[in-house]
Amino acid sequence: MKPMLTVFTPTYNRAYTLHLCYESLKRQSCKNFVWLIIDDGSTDQTRELVAGWIEENQVEIRYHFQENQGMHGAHNAAYERIDTELNVCIDSDDYMADDAVEKITNFWGKAGNDRFAGIVGLDVSQNLEVIGTVLPERLESSTLTDLYALHQVKGDKKLVYRSELTRKYPPYPIFSGEKYCPLSYKYILIDQDYPLLILNEVLCVVEYRQDGSSLNMINQYKKNPRGFSFFRKVAMAYAPSWKGRIREAIHYVSSSLIIRNKRFLRESPRKWVTLLAIPFGVMLYFYIQNTNKATVVKQNH
């Protein structure tokens, strides 16, 4: 029987932690999945480690190596190669709950159809506390945007998408010299057409490591301003509230200043909002340039 789910893991020099994901996949109560590892240019022992696991034949593993492009480039590579109905990303320092594949495939088998983009479930920390808040109990489905903007959901959630859709929507842009574009770009586009089914169950155990994106967001901002500027235009265009549009516009102005884009106002999808945001964007630009902090992200654990 062809697997229903691809678990894909982008990894870069994470041989020291990738075994946690592997061990969790071996423990799965349901084996109806394939593990796709996108090795984004690792120079450690990742290739040899994975070769050993493939020989063990405990889990169906597919391995793809590419030159380093960053997380979004690894997602592009994964989406091009996935041939199962559903896919879920488990990061290289995270691992799945032992019954996660069973929960995903059973739930989708009962409730899933082509009216939905996929499933949104829960992430928990190492001490098994839900990251942020649980999902609304009485809600059958929602877009990701509405969960956060309208239903006041907080914290990272685990997203399971129909592979047809992750292929259909445009790939993440690759900017020369940059390694990051927010993954929400594709999720926002999918949101415009399809809601996600809500599964208030734990699917993934996460750890925010000191070398991970979440705890180094300001550094990412400085190093990848074109990726952020691109994303902010999309987020501004589709933001569901005035407050959201202003917030995205402030970040758009800041990123535009970093890349010295004098045409930013002309290129904005919401010119009046961007005009209003300029003073705040300038302040954010100076803050980003002068702060010693690595992140403004509040940890939920």
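All values reported here derive from a predicted model rather than from experimental measurement.

Here is what the cut-offs are and how they apply
- Residues numbered from 1 in each chain as written.
- Predicted model: local features only at pLDDT ≥ 70, side-chain atom pairs only at ≥ 80, totals over all residues.
- Heavy atoms only, no water.
- Helix = DSSP H or I, 4+ residues; strand = E, 2+ residues; numbered from the N terminus.
- Rg over C-alpha atoms; globule rule 2.2 N^0.38 Å.
- Buried < 20%, exposed > 50% of the residue type's maximum accessible area, 1.4 Å probe, protein only.
- Contact = heavy atoms within 4.5 Å.
- Areas by Shrake-Rupley, 256 points an atom, 1.4 Å probe, with all protein chains shown as cover.
- Lys, Arg positive; Asp, Glu negative; His and termini not counted.
- Charge placed at Lys NZ, Arg CZ, Asp CG, Glu CD.
- pLDDT = per-residue confidence, 0-100.
- Axes fitted to C-alpha atoms, helices over the stretch in contact; angles between N-to-C directions.
- Parallel < 35°, antiparallel > 145°, perpendicular 65-115°, else oblique.
- Left-handed = near helix turned anticlockwise from the far one by under 90°.
- Nonpolar A, V, L, I, M, F, W, Y, C, P; charged D, E, K, R; others polar.

K.L.:
Go over the overall build of the chain, please, and point to the residues and values.
P.N.:
Counting its regular elements, the chain contains 12 helices and nine strands. Relative to the globule expectation of 19 Å for 301 residues, the C-alpha radius of gyration of the chain, 19 Å, shows essentially globular dimensions. Expressed as lengths along the three principal axes of its C-alpha atoms, the size of the chain is roughly 55 × 45 × 35 Å. For the chain, with 301 residues in total, the buried portion stands at 52%. Within the chain, residue pairs in contact and separated by at least 24 positions form 78% of the contacts whose partners lie at least 6 positions apart. Here the chain displays about 14,400 Å² of accessible surface, and carbon together with sulfur accounts for 52% of that area. Put simply, the chain has 37 plus and 34 minus side-chain charges, and the middle of one group is 10 Å from the middle of the other.

K.L.:
Any chance you could break down the confidence of the model for the chain for me, citing the residues and the numbers?
P.N.:
Summarising the model, the chain shows a mean pLDDT of 93, and 94% of its residues fall at 70 or more. Every residue in residues 296-301 scores below 50 in pLDDT, and together they form 10 contacts with partners more than four places removed in sequence or on other chains.

K.L.:
Outline the packing of helix α7 (residues 184-191) against helix α9 (residues 225-238), supporting the account with residue identities and numerical values.
P.N.:
The relative placement of two packed helices comes down to the angle between their axes together with the axis-to-axis distance. The N-to-C vectors of α7 and α9 enclose an angle of 25°; their axes lie 10 Å apart at closest approach. One element, α7, and the other, α9, form an angle in the roughly parallel class. The handedness of the crossing between α7 and α9 comes out as left-handed. Here α7 contributes Ser184, Tyr185, Ile188 and Leu189 to the contact with α9, which in turn contributes Phe230, Phe231, Val234, Ala235 and Tyr238. Of the residues belonging to the contact of α7 with α9, the class tally is eight nonpolar, one polar and no charged.

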